[in-house]
2 protein chains.
Amino acid sequence: MAKESTTIDVGEPSTVTKSASHVVVDEKKKKGFVAAAAGGGYKRGLAIFDFLLRLAAIGITIGASSVMFTAEETLPFFTQFLQFQAGYDDFPTFQFFVISIAIVASYLVLSLPFSIVTIVRPLAVAPRLILLISDTVILTLTTAAAGAAAAIVYLAHNGNSNTNWLPICQQFGDFCQATSTAVVAASISVVFFILLIVISAIALKRN
Amino acid sequence: MAKESTTIDVGEPSTVTKSASHVVVDEKKKKGFVAAAAGGGYKRGLAIFDFLLRLAAIGITIGASSVMFTAEETLPFFTQFLQFQAGYDDFPTFQFFVISIAIVASYLVLSLPFSIVTIVRPLAVAPRLILLISDTVILTLTTAAAGAAAAIVYLAHNGNSNTNWLPICQQFGDFCQATSTAVVAASISVVFFILLIVISAIALKRN
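Please read these numbers as outputs of a predicted model, since none were measured by experiment. (Residues numbered from 1 in each chain as written. Chains lettered and ligands numbered in written order. Predicted model: local features only at pLDDT ≥ 70, side-chain atom pairs only at ≥ 80, totals over all residues. Heavy atoms only, no water.)

Trainee: Any chance you could break down the overall build of chain A for me, citing the residues and the numbers?
Mentor: Of the regular secondary structure elements, chain A holds four helices and two strands. Counting from the amino terminus, helix and strand elements in chain A follow one another as α-β-β-α-α-α. Burial statistics for chain A: of 207 residues in total, 48% are counted as buried. Long-range contacts, defined here as pairs at least 24 residues apart, represent 79% of the contacts in chain A between residues at least 6 apart. Accessible area of chain A: about 10500 Å², with a carbon and sulfur share of 68%. (Helix = DSSP H or I, 4+ residues; strand = E, 2+ residues; numbered from the N terminus. Buried < 20%, exposed > 50% of the residue type's maximum accessible area, 1.4 Å probe, protein only. Contact = heavy atoms within 4.5 Å. Areas by Shrake-Rupley, 256 points an atom, 1.4 Å probe, with all protein chains shown as cover.)

Trainee: Report on the side chain of A:Thr163, specifying residues and quantitative values.
Mentor: When you line up the elements, A:Thr163 lands in the loop between helix H3 (126-158) and helix H4 (173-204). You can call A:Thr163 buried: its relative accessible area is 13%.

Trainee: Break down the UniProt feature "transmembrane region" (unreviewed entry) in chain A for me, citing the residues and quoting the values.
Mentor: Residues and elements named next belong to chain A. With numbering aligned to this structure, UniProt lists the feature "transmembrane region" (unreviewed entry) at residues 51-71, 91-117, 129-156 and 182-204. Span residues 51-71 is 95% helix and 0% strand, its end C-alpha atoms 30 Å apart. With 100% helix and 0% strand, residues 182-204 has end C-alpha atoms that lie 33 Å from one another. (UniProt positions renumbered as here; feature names shortened; annotations may be inferred.)

Trainee: Residue-level account of the pattern of salt bridges, with values.
Mentor: This model, assessed by the stated rule, comprises six salt bridges over all chains. Two residues, A:Asp50 and A:Arg54, come together in a salt bridge whose shortest N-O distance is 2.7 Å. Here the residue A:Asp50 and the residue A:Arg54 both occupy positions in helix H1 (residues 15-70), the gap between them amounting to four residues, near one helical turn. On the basis of relative accessibility, which here comes to 0%, the residue A:Asp50 falls in the buried class. Residue classification places A:Arg54 among the buried residues on the basis of a relative accessible area of 0%. Residue B:Asp135 is joined to B:Arg54 by a salt bridge in which the shortest nitrogen-to-oxygen separation is 2.9 Å. Pair noted here: B:Asp135 is in helix H3 (residues 126-158) and B:Arg54 is in helix H1 (residues 15-70), with a separation of 81 residues, a long-range link. There is no split in this pair, since B:Asp135 and B:Arg54 are both buried. In this structure, a network of salt bridges that share partners links the residues A:Asp50, A:Arg54, A:Arg128 and A:Asp135. (Salt bridge = Lys/Arg side-chain N within 4 Å of Asp/Glu carboxyl O.)

Here's what the structure looks like:
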């Protein structure tokens, strides 16, 4: 049946015309409904994947933050006045890392309701857009924290002979191990955030 | 005139029907065109803003990379064997910064054609999606470089008494100034990337 067509007013009682017209309307409605359901189904799948990714990211960021927070090592020898000890609070960058990643973890928990809304209403634009924009901002915070901490961890491992900054990982091996783990975990969560943004972008686009 | 309607094949030469049908088609096309033009106009504005932001970001990233690259300071005194000199290549983090930000600037230049495509065809989904995803990845690279360099610049300014890493900015004041400027410029380009991603997200969504 042609899509673009018209009725002819021939001055006769046109019951046939009307009934045929109704059939067309019903068919079109059905088609629209099926299309929406298909789009909704594929977008609901994306939304569920988004939710699971967020749960995983919560675990990883809480892990990263707490590993860094508890990273501490006291050397088994000491002088009369001095005990050799390294903790995350000896490095401002690591303090920034702990605070930032804790903020990221809290944000992820708070974003779960929005993610649930996108599962329930896969075609809603507003929660998707809010998630995408706030995810982007939080991605920046996560990456900055991970990058800064990585620079310091690198320095702790290798030192810098040009500036006489000596490596400390020979002495504080366990501490360095813990901080490196935290940085790797934060980097994984960065990848998760990139995936979350890509999911939101695909879910936002017109079918 | 009803939107959903049908033709009746009455076995007569139906010239009237056909002409009426054409009118309807034209009206529908016009309506569609007007709607597309309205949506297209507002999305074209976004695309032009996107293009201008990219141009600005190219300037800032090239500036950041070259300021860091040329940051060098030789102290006016020297011993028989040693001249005191600081350059970006004394710090692995600053080398990473120069290379990363140069990559970001090249990416931005390469992304200009895609941005132009979105100006010409504001409703096209594919170039928008490509830009959004690659912008997100490049945002991560920019932020990581800026964050890592910021951590080292902070250390150069303040040192760390716990690890006996002495500040070097008292001696190499100009070098520190240049590296700080580069980090600030990179941070501004991070903000630009966030704006670019938000623009792409808004342009992607259904009206």
